[in-house]
Amino acid sequence: MNWDRIEGNWKEFKGKAITQWGRLTDDDVDRVAGKRTDLAGLIQQKYGKTREEAEREIDTWISRH
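Let me sum up the structure you'll find in this document. No experiment lies behind these values; they were computed from the predicted model shown.

### What about the overall build of the protein?
Okay, so step 1: Along the protein, the regular secondary structure elements total five helices and zero strands.
Okay, so step 2: When the elements of the protein are put in sequence order from the N terminus, they spell out α-α-α-α-α.
Okay, so step 3: Relative to the 2.2 N^0.38 estimate, which gives 11 Å for 65 residues, the radius of gyration of the protein is 10 Å and therefore close to what a compact globule would have.
Okay, so step 4: Counting only residues that meet the buried cut, the protein has 31% of its 65 residues in that class.
Okay, so step 5: Carbon and sulfur atoms make up 44% of the accessible area of the protein, which amounts to about 4000 Å² in all.

So this is what it looks like as structure tokens:
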């Protein structure tokens, strides 16, 4: 799946994002609004990961959906 599809259907995917990254709140995920760079930034902030680690996690998450 490509990110454009996720971004276009963010309301559907935001619950899945919260399930994947439990430290993200509904408000966090609403602010992301489907923007991959914003999601990566939140993952970095909430989990203390590098940008590369966050991007890899997102890629893994995308590959499962």
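### Some details on the packing of aromatic side chains
Okay, so step 1: By the definition in use, this model includes four aromatic pairs.
Okay, so step 2: Every member of this aromatic cluster is reached through a ring pair, and the members are Trp3, Trp10, Phe13, Trp21 and Trp61.

### Quick look at unusual backbone geometry
Okay, so step 1: Its identity as a non-glycine residue notwithstanding, Ala33 has a phi of 50 degrees, on the positive side.
Okay, so step 2: Looking at where Ala33 falls in the secondary structure, it is placed in the loop between helix 3 (26–32) and helix 4 (36–47).

### Comments concerning the packing of helix 4 against helix 5 (residues 51–63)
Okay, so step 1: Orientation of helix 4 relative to helix 5, taken along the N-to-C sense of each, is 120 degrees, at an axis distance of 9 Å. Relative to helix 5, the element helix 4 is oriented oblique. In this structure, helix 4 meets helix 5 at a crossing whose hand is right-handed. For the pair helix 4 and helix 5, contact is made by Arg36, Thr37, Leu39, Ala40, Gly41, Ile43 and Gln44 and by Arg51, Ala54, Glu55, Glu57, Ile58, Asp59, Trp61 and Ile62, respectively.

How each quantity is defined
- Residues numbered from 1 in each chain as written.
- Predicted model: local features only at pLDDT ≥ 70, side-chain atom pairs only at ≥ 80, totals over all residues.
- Heavy atoms only, no water.
- Helix = DSSP H or I, 4+ residues; strand = E, 2+ residues; numbered from the N terminus.
- Rg over C-alpha atoms; globule rule 2.2 N^0.38 Å.
- Buried < 20%, exposed > 50% of the residue type's maximum accessible area, 1.4 Å probe, protein only.
- Areas by Shrake-Rupley, 256 points an atom, 1.4 Å probe, with all protein chains shown as cover.
- Phe/Tyr/Trp six-rings, centres within 6.5 Å; stacked < 30°, edge-to-face > 60°.
- Axes fitted to C-alpha atoms, helices over the stretch in contact; angles between N-to-C directions.
- Parallel < 35°, antiparallel > 145°, perpendicular 65-115°, else oblique.
- Left-handed = near helix turned anticlockwise from the far one by under 90°.
- Contact = heavy atoms within 4.5 Å.

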